[in-house]
Amino acid sequence: MAVNSKKAAVYVLVVFVLYVIITDPAKAADYVQIGFEGISDAAQAIGDFFTWLADGAQ
């Protein structure tokens, strides 16, 4: 039952993404840019944390 729920959720998500891309490509591009900025910020924060640990956590 859980596998079917996961499949259904994935299908709904894919349909929604395609709908957004087709109806408003500019808005979809903004969403992608926001997502990549978030990933970049998270990677930068992790890098800063590990640099802080390597420096002796001071």
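Scroll up to find the structure this text is about.
What you see is a predicted model; the values in this text were computed from it and never measured.

Participant: Run through the packing of aromatic side chains, naming residues and quoting values.
Facilitator: One pass over the structure, following the stated rule, counts 2 aromatic pairs. Residues Phe49 and Trp52 carry aromatic rings whose centres are separated by 5.9 Å and whose planes lie at 35° to one another, so their mutual orientation is tilted. In this pair, Phe49 and Trp52 are both assigned in helix H2 (residues 25–54), 3 residues apart and thus about one turn of the helix distant. Residue classification places Phe49 among the partly exposed positions, given a relative accessible area of 41%. Judged by its relative accessible area of 39%, Trp52 falls in the partly exposed class. A connected cluster of aromatic rings, assembled from ring pairs, spans Phe49, Phe50 and Trp52.

Cut-off values and rules
- All residue numbers refer to position in the chain's written sequence, counted from 1.
- Only residues with pLDDT of 70 or above have their local features reported here, since the model is predicted, and side-chain atom pairs are shown and tallied only from 80 upward, although totals for entire chains, interfaces and linings are computed over all residues.
- Based on all heavy atoms of the structure, the side-chain values leave hydrogens and waters out of the count.
- Stacked, tilted and edge-to-face are the three classes applied to pairs of Phe, Tyr and Trp rings, where Trp contributes its six-membered ring and a pair requires centres within 6.5 Å; stacked means planes under 30 degrees apart, edge-to-face means over 60, and tilted covers the rest.
- Here a helix means four or more residues in a row that DSSP labels H or I, a strand means two or more in a row labelled E, and each is numbered from the N terminus.
- Only protein chains enter the accessibility calculation, which uses a 1.4 Å probe; a residue whose area is less than 20% of its type maximum is buried, one above 50% is exposed, and one in between is partly exposed.

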